[in-house]
Every structure is written in structure tokens, then in C-alpha cells.
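# Descriptive analysis of the structure
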Amino acid sequence: MSEATKPESERRQFKAIKGTRDILPPDSALWNWFEKTARGVMESYNFGEIRTPIFEETELFARAVGNETEVVSKEMYTFLDPPRDLDVGPFPRQTTLESMGQLSDLLPRDRVSLRPEATASVVRAYIEHGMHTRPGDRKLYYIGPMFRRERPQKGRYRQFYQIGAEVLGTSDAPAIDAELIEMLTVLLERCQIEKYTLLINSIGCSACRPTYVELLRAKLREPEIFSKLGADSQRRVETNPLRVMDSKLPEEQAIIEKLPKISEHLCADCKAHYEKLKKELALREVPFTESPRLVRGLDYYMRTTFEITSPILGAQNALCGGGRYDGLVEMLGGPKGIKGIGFALGEDRFIDAIVEAKKINATRAVDVFIAWMGERAYPTAVRLAHVLRGEKHAVELPPEEVKFRKALERADKMGARYVLIIGDDEIASKQLTVKRLANGVQERISEDAVVDYFRRG
Ligand code: HAM
């Protein structure tokens, strides 16, 4: 069948799936610069990299992040493995969490999800590898894609990238929380992002939070308050009243401002922990703003929560978020008494902020464009390209001969710093020509001196 007679469906072009995107050069250079910078900062605080799988048992996220959270209940990409036909709905395989629940013989490990975040995986790995048996805290960082089926918009994607760090161990010293936050501010500084706000809060522990949650629920149930809430918040009054606090709906803001604040209902231990955290941050000269409304959207948090927002980002203004999750290791079947704290930053958003700040230029120009002309020049061109690349120069070697003028134009378009010209004359005299594109200055150098010439830059 010829192309023209193929049905439309077979001729259509493919596009990246909604909410996903390609990151192309030269933009990818900034991503690489950022990842390298982040690794450098985290390693200077003695964090080591952990790489966990992209998919895990659905149950892991349900238990760690919480069944009632938006992330788990609405946004996970979940499928059956091995695949099975479900006799529900118009499609052969309906893989909503609800429809899967109809399978009476479904084993927990048959249901898997693309990771919506990595803390659950890191804690799973911590337990699985018995990391608690080694002395001291485990300080781990990760870089990679996460998946959430959210409504895409600028700064919000279905496949997005996070860089995160977690500290797990027996201590819950506020100095750990403060050092982690300090590390983030160092990264912001390296990226020359100056416009940001660090928001901090404490959301209490299992001793004080339930009493506060009941107080909040009772308040939210009052008819004159309840009737002014939107449908989502009304539902959350019963499922998770804390989440009403971080609603973004403009019409709910005046109500939220007047609700009781958790900071006024912390138990003595949580209060002391929070006060110490603030002192530790001050000691490190990290400016912060207290935000009683910062409750975060994942269930595992307790005590310290924090977020860094930036006004240069628009609606999706959270650059990163994190907090303490002291009960999580035990909740996932691990040893008792292990504490944890961590954060994840949105790489996509950090990149936007770096671009907005206009201070970092990570694109690497071509150092040397080799303009070779004639069969006799080609072997020398290939050899010198290899040698110069070995010297870590970025070298462009045209695979086919290009006329001199065209070669100069191409080199110029690429932003090359030098053009190394090799033609018949140069081969005969063993004297090559180097042209510096910034000022047009041309020099003759002997073939043997090429490496030294470019070493000097
Ligand atoms: P999170 O607040 O859900 O926390 O996500 C952290 C950051 O990831 C957000 O502040 C945002 O920058 C970025 N992010 C989240 N969703 C998207 C999206 N759809 N598109 C682009 N960026 C996004 C966590 O994930 C926790 N695991 C953080 C943590 C680690 N807490 C303790 N340890």
C-alpha cells in the first residue's frame, strides 16, 4: 500500500502525550548544569545517591502517601501486572483503582503504579536493605521523573522531574531539619534565584494533631462556615479537614484566615521542636516566614513542614516542598523509632526560575569547527578532531566536505569559537589556519602545535 492510500489513522504523526514533553538541546544543557550543581551541593552535605524503580506496588503509595490524598485517589497511573481482562465498562481493561477492587483474587503485588513521588520508595528501600542497621543517619538523594495525572498547565506536567533528599535515622533533632533547608537555600544561591520565600510550619504529632483536627472539623461543620465552602472543601471536612487549610479558592480565603491555627494547639514536645527549628534556622541565617496554613498534601507528614515558593513562577509557584515523617518507616513495616525528613524540588520549575532570573548561561558553544577541504585534508581533520575531543574541547567535524564560505557560515551559526581550516595548502605546508570568529583574526600554526594552541584557549 502506498503512503497516499494508507488510511488517515496510519498516516497521522505522533505527538508526545498530553502533559509530557521533550527537553531538547540547547535547553537540556541547563538541565544538566542544574543536576550537576544539585549533586555537588548535596554531596557537599554528605548525601549519597539512591536510584529506585520507576514503578512500585500501588499499595506502597496508598499506604505511605494516603488513600484519601489527591495524588493517590486521582492522579496515579496504575495498571495490572500481569495484565488481565476486567469484565467492566466498554474497554477490555479498565484499570481504575475502583474497578480493580472488583477482582476478588487480585494480589496486592499485581497492582502497580508509576511513582507519583519517591519518598515512599526510598523508605521501602531503606527497610528492604536493612539500612537502619548501619551506624548513623542515612542521607540519600534522588533525581528522576515522577508521574501524576494532573491537569497540565505551565509548571505542571504529568511526567515531571524531582530532585529530592531524605534523612533517615533515630534522631529527630531540629538541626537535621534546619540543615536540610539550609542545603536548599545554598542550591538556590548557586542558581542565582533571589526571589523566593521559605514557608515553615509544624503540623504536630499523633499526640496533639487529632485533638486539633477535631476542633477544626467542629468549626468547619458550623452551618455559617460550611455553607460558604466549595464542594471539595465540604467533602474534606469529613475526610481530611487539614487540607481545607491549603485551599487556593479565593472565596474560601477569608474563612480560612479565621480558623484555629495548629501552631496554637501543639503539644509541649512539638512546640519545643518547632521553637528549636526556628533557632537553628536563625543560626544558619536562613530567613523564613511562618505559615500556619502549610499542611501539605501527603498524609505522612508530622511536625516540620516547609515549602519554598517563588513569585516568578506564576500559578504553580511551589519550587519545592518537604517535611518530617517520623512514623512512616514503622507504618511501612520497618523498625520502630526511625525518624525521617526530606524534601523534593520540582526540577521543571527550578529550570523556569533559573531562566527567569537570567543569570546562568549553561549552553556550551562549539569550541572548534573543523573546515576541511579535499580528500587529502580529511584524514588530518579526523585525527585532529579525535585528539581535540580527547582534550575535552567540543568539536564539530562535518561528515562531508563543505565549501569554505558555507563552512564559515555554519560555524558562525553554531556559535563556534574557532574554525580550524585544513585544505591542500595546509597539508602541503603542515601549517594549519585558525580563525577566531569573535574578531576574525586568523593565524597560521604548525600541525604539531594545535593541541597546545587550544589548551591555551
Ligand atoms: P510534593 O509537594 O508533592 O512533595 O512535590 C514536591 C515538588 O514537586 C513540588 O513543590 C513541585 O515543585 C514539584 N511538582 C509536584 N507536582 C508537579 C507537577 N505535576 N508538575 C511539575 N512539578 C511538580 C513530594 O513529592 C514529597 N515526596 C516531598 C518530600 C520528600 N517530603 C519528604 N520527603
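Please refer to the structure higher up on the page.
Because the structure is predicted, anything quoted here is derived from the model rather than measured. (Residues numbered from 1 in each chain as written. Predicted model: local features only at pLDDT ≥ 70, side-chain atom pairs only at ≥ 80, totals over all residues. Heavy atoms only, no water.)

### A short note on helix α3 (residues 58-65)
The following threshold applies: Between buried and exposed lies partly exposed: a residue is buried under 20% and exposed over 50% of the maximum accessible area for its type, with that area taken using a 1.4 Å probe on protein chains only. Only DSSP runs of H or I covering at least 4 residues are called helices, and only runs of E covering at least 2 are called strands; the numbering of each starts at the N terminus.
Judged by how many residues are buried, α3 sits mostly within the fold: 6 of 8 residues are covered. Of all the positions in α3, only T58, L60, F61, A62, A64 and V65 are classed as buried. In the stretch just after α3, G66 is the one whose phi turns positive, near 110 degrees.

### Let's talk about the pairing of strand β11 (residues 339-346)
To be explicit about the condition: At least two DSSP bridges between two strands are needed for those strands to be called paired.
When you tally the buried positions in β11, you get 7 out of 8 residues, the bulk of the element. Bridge count for strand β6 (residues 159-169) against β11 is 8 bridges, and the pairing is antiparallel. Paired with L168 across the bridge in β11 is G340. The pairing of strand β10 (residues 318-324) with β11 spans 5 bridges and is antiparallel. Within β11, the position partnered with R324 by the bridge is I341.

### Examining the site of the ligand
What counts is decided by this rule: Any residue with a heavy atom lying within 4 Å of a molecule or strand is counted as near it. What qualifies as a polar contact is a pair of N or O atoms within 3.5 Å, subject to a donor-acceptor requirement within protein and to the restriction that residues adjacent in sequence count only when both atoms come from side chains. Only the protein chains shown count as cover for residues, and the accessible areas themselves come from Shrake-Rupley with a 1.4 Å probe.
If you check the shell around the ligand, you find 27 residues, and the closest are E117, E150, Y157, Y301 and A318. Within the side chain of R148, an N or O atom sits 2.9 Å from an oxygen atom of the ligand. Residue G346 places a main-chain N or O atom 3.2 Å away from an oxygen atom belonging to the ligand. When isolated, the ligand has an accessible area of 650 Å², and the protein chains bury 95% of it. At the level of secondary structure, the elements contributing two or more residues to the shell around the ligand comprise β6, β10 and β11.

### Regarding unusual backbone geometry
Backbone phi values are negative for most residues with the exception of glycine, while trans is the configuration of most peptide bonds. In the segment running from P25 into P26, the intervening peptide bond is cis, with an omega of 5 degrees. Topologically, P26 is positioned in the loop between α1 (8-11) and α2 (27-44). Phi at R296 takes a positive value of approximately 70 degrees, unusual for a residue other than glycine. By relative accessible area, R296 is classed as buried at 14%. With a phi close to 50 degrees, R303 is a non-glycine residue in the positive phi region. Positionally, R303 belongs in strand β9 (residues 302-309). Residue classification places R303 among the buried residues on the basis of a relative accessible area of 11%.

### Brief notes about the nonpolar core
Operational definition: We define a nonpolar core as any set of buried Ala, Val, Leu, Ile, Met, Phe, Trp, Tyr and Cys residues linked to one another through side-chain atoms lying within 4.5 Å. Contacts between residues were defined by any pair of non-hydrogen atoms, one from each residue, lying within 4.5 Å.
Counting 94 residues, the largest nonpolar core has F34, F47, L180, M183, F306, L345 and F350 as the members making the most contacts within it. If you tally residues by element for this core, the top one is helix α7 (residues 174-190), at 8 residues. Sequence-distant contacts of L345, that is, excluding residues within four places in its chain, are made with F34, Y161, Q162, I163, L184, L187, L319, C320 and F350. In this structure, I370, V395, I445 and V450 belong to the second largest nonpolar core, which totals 20 residues.

### Some thoughts on the sheet that holds β9
Using the following cut-off: Here an axis means a line fitted to C-alpha atoms, over the contact stretch when the element is a helix, while the angle between two N-to-C directions is reported on a 0 to 180 degree scale.
The 8 strands lie next to each other as β1-β5-β6-β11-β10-β9-β7-β8, forming an open sheet whose pairing is mixed. The open sheet has two edge strands, β1 (48-49) and β8 (289-290), and neither has a second partner. Bridge analysis of strand β7 (residues 197-202) against β8 gives 2 bridges, and the strand direction is parallel. Across the sheet, residue I200 finds its bridge partner in β8, namely E290. Those strands touched by helix α6 (residues 119-128) are β5 (138-147) and β6, and its axis lies near 40 degrees from that of β6. Strands β7, β8, β9 and β10 of the sheet are contacted by helix α12 (residues 268-283), whose axis makes an angle of about 160 degrees with β7.

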